[in-house]
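Reading the structure
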Amino acid sequence: MNIRVEERAAPAPVRRKTRLDRYLEESPELAATYFKIRKHAPKIVISGYDITKRCNLRCEGCFFFEGDLSSIYSDGHTIEEYQTFFKNEQDRGVTYPHFAGAEPALVQDRLRLANQFWKNGLIYTNGTIKIDPEITFMLHVSLWGDEETDKLYRGAPVFKRGVQNYAGESRAIFMYTINHQNIGFIKDLVKLCRENGNRISFNHYSPSRQYNAKLQTAGADKLHDKRSTFRFSTADNNLRLTPDDLHNIRDTLDDAIEQYPETVVYSHYYNEWINDPKGRYEVNDKTGWATNCVILNKPYHRQYHTDFSYSDAECCVANIDCYSCRHYVAGYTMIMDKFYQHLESKEDFANWLDVYDTWCRLHFRDWDRI
Ligand code: SF4
Ligand code: SF4
């Protein structure tokens, strides 16, 4: 009987080995990373939330306060309305929320509530106000330089307070936004983070369209009040990165990764890609929007304003000028989305996997110890 059944059964299809199978067989190290990601970071569905429009700082060139696609919305929803909102987002399938704003640490009741719906997620914070240690989301603590430069760019000793609040914390990663004027501080800040038991990663300053426009007229309409986010920049003295800067950054970060691999969360391949002086996106000259930006084109990704509105035509950093956008969220997503384009050789695949693994180190607590 059994034999007959076996005789009648269609032969099992023989699955041909793919290139990916071969790479994984040849390299146990690649296989370990690949299967770790598949097991521990499956089904990542991201959406972004501007969770407040308040901030205790006013950083030069801030793309939230400089823009008309972020700070103009009302911010008066009750905690009950947030409860329904988060529930709906969870039902929509979001598995990994990003909380930004202005400064999320100012609305910790909203963060605590969100944490009841999601265990994993990410908060973008300036680090000056400690976020409840019970909240399990990862923290990207923005860093713009040392005490001197903080005074100039941000009007407060931001890094000092960030270190006081988060020394040795595994959920916090300092995110150094590199601009034209602070490249020279990178090495020292990496060492300081290491001494404090913190990890550090990097973002590239990407000007908003409004910042670029103001540079054209700087001097004529420049504001001198402390609450302005356009205090000192001019056409000749500003934060925008030049092609020489990008070469310099690439070399500095390649060295830093080699020297302090446990402190510096960054990938050589990403470093090469993001510092290519050519624009990173194809931009429609009529609209000014990138046509191949993955974040913008993901159907499930929404960036909610503080009044719970969103637009399918906006990315997570909607005021930024697409021509010079090098924001890390967009950059990582761009590479991670190109899995099939990185299967030509084992080296290509290893590069892709390294970027994905770096993203996981940035987004999951204790990823290195899993
Ligand atoms: S911390 Fe600075 S960059 Fe961030 S929202 Fe506040 S003013 Fe803007
Ligand atoms: S993330 Fe995409 S859409 Fe947004 S500014 Fe950057 S390139 Fe443009």
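1. Describing the overall build of the chain
- Regarding its fold elements, the chain presents 14 helices and 7 strands.
- Across its three principal axes, the chain shows a C-alpha extent of roughly 90 × 50 × 50 Å.
- Across the 370 residues in the chain, those meeting the buried criterion constitute 54%.
- Surface exposure of the chain reaches about 17900 Å², of which carbon and sulfur atoms provide 51%.
- Counting 48 positive and 52 negative side-chain charges, the chain places the centres of these two groups 3 Å from one another.

2. So, the pairing of strand 6 (residues 199–204)
- Here strand 6 lies mainly inside the structure; 6 of its 6 residues are buried.
- With 6 bridges connecting them, strand 5 (residues 172–178) and strand 6 associate as parallel partners. Directly across from I173, in strand 6, lies its bridge partner R199.
- The β-α-β motif built from strand 5, the intervening helix 8 (residues 186–195) and the parallel element strand 6 has right-handed crossover chirality.

3. A few points about the layout of surface pockets
- Space inside the second largest pocket adds up to approximately 420 Å³.
- Lining the second largest pocket are 19 residues, and of these T33, D354, D357, T358 and R361 sit closest to its centre.
- Broken down by element, the residue count for the lining of the second largest pocket peaks at 7 residues, all from helix 14 (residues 346–363).
- The residue makeup of the lining of the second largest pocket, split by class, is 8 nonpolar, 5 polar and 6 charged.

4. Thoughts on the site of ligand 2
- Every residue close to ligand 2 is listed here: Y281, A290, C293, L296, C315, V317, I320, C322, C325 and A330.
- Put simply, ligand 2 lies in the largest cavity.

5. Some words on empty space enclosed by the protein
- What the rule picks out here adds up to 1 cavity of 30 Å³ or more.
- The computed volume of the largest cavity comes to approximately 100 Å³.
- Along its surface, the largest cavity is lined by 13 residues, and C293, C315, V317, C322 and C325 are the ones closest to its centre.

6. Some words on the site of ligand 1
- Close contacts around ligand 1 come from C55, L57, R58, C59, C62, F65, A102, N126 and R154, and that covers them all.
- Among the residues making up the shell around ligand 1, the classes are represented as 6 nonpolar, 1 polar and 2 charged.

7. Looking at the pattern of salt bridges
- Following the criterion strictly, the structure yields 19 salt bridges and no others.
- Between E25 and K17 there is a salt bridge whose closest N-O contact spans 3.2 Å. Pair check on accessibility: E25 and K17 agree, each one exposed.
- K278 is the salt-bridge partner of D276, the closest N and O atoms lying 4.0 Å from each other.
- The class for D276 is partly exposed, based on a relative accessible area of 23%.
- One salt-bridge network, held together by shared partners, links R22, E26 and K346.

8. Section: the packing of aromatic side chains
- Inspection of the entire model under this criterion finds 41 aromatic pairs.
- A centroid spacing of 5.8 Å and a plane angle of 75° characterise the contact between F86 and W118, whose relative ring orientation is edge-to-face. Of this pair, F86 sits in helix 4 (residues 79–92) while W118 sits in the loop between helix 5 (108–117) and strand 3 (122–125), placing them 32 residues apart in sequence. The same class applies to F86 as to W118, namely buried.
- Relative to Y332, the ring of Y270 has its centre 4.1 Å away and its plane inclined at 15°; by these criteria the two rings are stacked. Highlighted residues: Y270 in helix 11 (residues 268–274) and Y332 in helix 13 (residues 328–336), separated in sequence by 62 residues.
- On the basis of relative accessible area, Y270 is assigned to the buried category, the value being 0%.

9. Quick word on the side chain of R199
- On the secondary structure map, R199 appears in strand 6.
- It is D368 that comes nearest to the buried, bridge-free R199 among opposite-charge side chains, at 4.2 Å.
- A polar atom in the side chain of R199 sits 3.2 Å from the backbone oxygen of S170.
- Ignoring anything within four residues of it in the chain, the contact list for R199 reads M138, S170, I173, F174, E262, T263, V265, R361 and D368.

10. Things to note about the environment of I186
- Relative to the assigned elements, I186 resides in helix 8.
- I186 gets classed as buried once you look at its relative accessible area, which sits at 0%.
- Counting along the chain gives 42 residues from I186 to W144, while the straight-line C-alpha distance between them is 9.5 Å.
- Not counting residues within four places of it along the chain, the set of residues in contact with I186 comprises Y176, I178, F202, T252 and L253.

Conventions and cut-offs
- Residues numbered from 1 in each chain as written.
- Chains lettered and ligands numbered in written order.
- Predicted model: local features only at pLDDT ≥ 70, side-chain atom pairs only at ≥ 80, totals over all residues.
- Heavy atoms only, no water.
- Helix = DSSP H or I, 4+ residues; strand = E, 2+ residues; numbered from the N terminus.
- Buried < 20%, exposed > 50% of the residue type's maximum accessible area, 1.4 Å probe, protein only.
- Areas by Shrake-Rupley, 256 points an atom, 1.4 Å probe, with all protein chains shown as cover.
- Lys, Arg positive; Asp, Glu negative; His and termini not counted.
- Charge placed at Lys NZ, Arg CZ, Asp CG, Glu CD.
- Pairing = 2+ DSSP bridges.
- Right-handed = clockwise from strand over helix to strand, strands pointing away.
- 1 Å grid on protein atoms, 1.4 Å probe; cavity = no way out; pocket = protein on both sides within 12 Å on 5 of 7 lines; lining within 4 Å.
- Points joined across faces, edges and corners; volume = space filled by probe spheres on them.
- Nonpolar A, V, L, I, M, F, W, Y, C, P; charged D, E, K, R; others polar.
- Near = heavy atom within 4 Å.
- Sits in = over half its atoms within 2 Å of the grid points.
- Salt bridge = Lys/Arg side-chain N within 4 Å of Asp/Glu carboxyl O.
- Phe/Tyr/Trp six-rings, centres within 6.5 Å; stacked < 30°, edge-to-face > 60°.
- Polar contact = N/O pair within 3.5 Å; in protein donor to acceptor, adjacent residues only side chain to side chain.
- Contact = heavy atoms within 4.5 Å.

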